Amino acid sequence: MDFRLTDEQAALRNSVRDFAREVVAPVIAEHYEQHTFPYEVIRQMGKMGLFGLPFGEEHGGMGGDYFALCLALEEIARVDSSVAITLEAAVSLGAMPVYRFGTEEQKATWLPKLLSGEALAGFGLTEPGTGSDAAGTLTRAVLDGDQWVINGSKAFITNSGTDITAMVTVTAVTGTNPDGSKELSTIIVPTGTPGFTVAPGYSKVGWTASDTHELTFDDCRVPAANLLGARGRGFAQFLRILDEGRIAIAALAVGLAQGCVDESIKYAKERHAFGRPIGANQAIQFKIADMELKAHTARLAYYDAAARMLAGEPFKRQAAIAKLHASTIAVDNAREATQIHGGYGFMNEYPVARFWRDSKILEIGEGTSEVQRMIIARDLGL
Ligand SMILES: Cc1cc2nc3c(=O)[nH]c(=O)nc-3n(C[C@H](O)[C@H](O)[C@H](O)COP(=O)(O)OP(=O)(O)OC[C@H]3O[C@@H](n4cnc5c(N)ncnc54)[C@H](O)[C@@H]3O)c2cc1C
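Here the structure is a predicted model, which is why all the values come from computation and not from measurement. (Residues numbered from 1 in each chain as written. Predicted model: local features only at pLDDT ≥ 70, side-chain atom pairs only at ≥ 80, totals over all residues. Heavy atoms only, no water.)

J.: Explanation requested: the overall build of the protein in the structure shown.
T.: The helix and strand inventory of the protein stands at 10 helices and 10 strands. The C-alpha radius of gyration computed for the protein amounts to 21 Å, which stays within 12% of the reference 21 Å derived for 382 residues, consistent with globular compactness. With 382 residues in all, the protein has 53% of them scored as buried. Looking at the protein alone, contacts between residues at least 24 apart form 74% of all its contacts between residues at least 6 apart. Of the roughly 16,600 Å² of accessible surface on the protein, a fraction of 54% belongs to carbon and sulfur atoms. Here the protein carries 36 positive and 46 negative side-chain charges, and the mean point of each set is 5 Å from the other. (Helix = DSSP H or I, 4+ residues; strand = E, 2+ residues; numbered from the N terminus. Rg over C-alpha atoms; globule rule 2.2 N^0.38 Å. Buried < 20%, exposed > 50% of the residue type's maximum accessible area, 1.4 Å probe, protein only. Contact = heavy atoms within 4.5 Å. Areas by Shrake-Rupley, 256 points an atom, 1.4 Å probe, with all protein chains shown as cover. Lys, Arg positive; Asp, Glu negative; His and termini not counted. Charge placed at Lys NZ, Arg CZ, Asp CG, Glu CD.)

J.: Could you clarify how one ought to interpret the site of the ligand in this entry?
T.: Around the ligand lies a shell of 19 residues, among which Thr126, Ser132, Phe156, Thr368 and Glu370 are the nearest. Backbone polar atom of Leu125 to an oxygen atom of the ligand: 3.0 Å apart, as the coordinates give it. Contacts to the ligand include Thr126, whose side-chain N or O atom sits 2.7 Å from a nitrogen atom. Protein chains shield 63% of the accessible area of the ligand, which is 980 Å² for the free molecule. Of the pockets mapped on this structure, the ligand occupies the largest pocket. Those elements giving two or more residues to the shell around the ligand turn out to be strand S3 (147-158) and helix H10 (369-379). A per-element tally of the shell around the ligand places S3 first, with three residues. Classifying every residue of the shell around the ligand by side-chain character gives eight nonpolar, nine polar and two charged. (Near = heavy atom within 4 Å. Polar contact = N/O pair within 3.5 Å; in protein donor to acceptor, adjacent residues only side chain to side chain. 1 Å grid on protein atoms, 1.4 Å probe; cavity = no way out; pocket = protein on both sides within 12 Å on 5 of 7 lines; lining within 4 Å. Sits in = over half its atoms within 2 Å of the grid points. Nonpolar A, V, L, I, M, F, W, Y, C, P; charged D, E, K, R; others polar.)

J.: Help me out: how do you make sense of unusual backbone geometry in this one?
T.: Backbone phi values are negative for most residues with the exception of glycine, while trans is the configuration of most peptide bonds. Of note, the phi angle at His35 is positive, near 60°, even though the residue is not glycine. For His35, the position within the fold is in the loop between helix H1 (7-34) and helix H2 (39-48). A positive phi angle, close to 60°, is found at Asn159, a residue other than glycine. Topologically, Asn159 is positioned in the loop between S3 and strand S4 (165-176). Judged by relative accessible area, Asn159 falls into the buried class, the value being 0%.

Here is the structure:
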């Protein structure tokens, strides 16, 4: 058992760390405040190959693995979570379904532009009336000759409405299974298809420089060939995508938690009260020690889940544990970092204010904390 990074992994982590500090940090507060999407940052991440990290070179990827993606996400989230979730959703929710389940033709059509960061794709699972209970999907797709006709709507879909969004994969009911349950399938809907409408962006508490929209499909027709994988495999597909995605969200949460430690150490040394730096007080030191403890143990949890996944072993429970633990401690660390910053922690110009606003969604997106507990309990045979 060895949790140390290889030279190649450490080099990737260091180059993304430098990028986050030198390119993301100087511009992101402005995007966050103005609720604008950071196209130039995304373009540069594309040039670095970050969108292609876990994919084979035959499709234009970097030939790395899912752990490499997690390392990159952690380093970006250490500085900003809007950029990190844009990368996470683009890779693990956008491109990965095509990579895992697509035909050779679908891969050839979509992967080169998605893996270069030239284009983004959304993952349309959640609906206005159902999230955790994805089997409650109401969006329907009916085969009419050689076309699917889609009707319904999706809620909170990341990367679905940017200027460079190329398509969205949509989970839809395509029939009834022999046991009476809904037959779910996944269909690729290119941006600009008539009947596919993207609502204006949501007004969000956090992740304000990321892109999130409600989508509607009104007699939206796409070729039958846009079915992703086999008909009726939609349920199994999104379970696989979400299992993996939980490791990535855990890495992102660890990054935010570590960013809180970074900012708190800096501030505790700078800020004076009662004639000395606030960091000279053991009460502050212990807070920061506890924050470091939490970030470190959550990191080990996601390393473990990623290692099991890459070894081809079962990893569902470990991914849920990593996501549950990392999101919980990210909220803890954001709260404590804000406390250490006093009144300035409540001011948007300080990164910890962004961390605080960005932390809560980590306990909700890609499966709420309750859903993670359900997964862990089920895996324990309960
Ligand atoms: C900014 C943002 C980006 C997102 N991006 C995407 C995206 O790209 N693609 C996508 O498909 N979705 C996306 N989502 C949706 C997200 O995954 C869902 O919001 C999440 O899964 C929870 O679903 P819900 O909001 O419908 O909550 P609900 O399922 O309605 O849950 C409400 C509450 O009830 C609890 N609950 C539900 N069932 C149970 C139960 N059986 N036992 C105990 N408690 C329960 C939940 O844990 C939660 O606390 C995004 C959401 C946000 C806010």
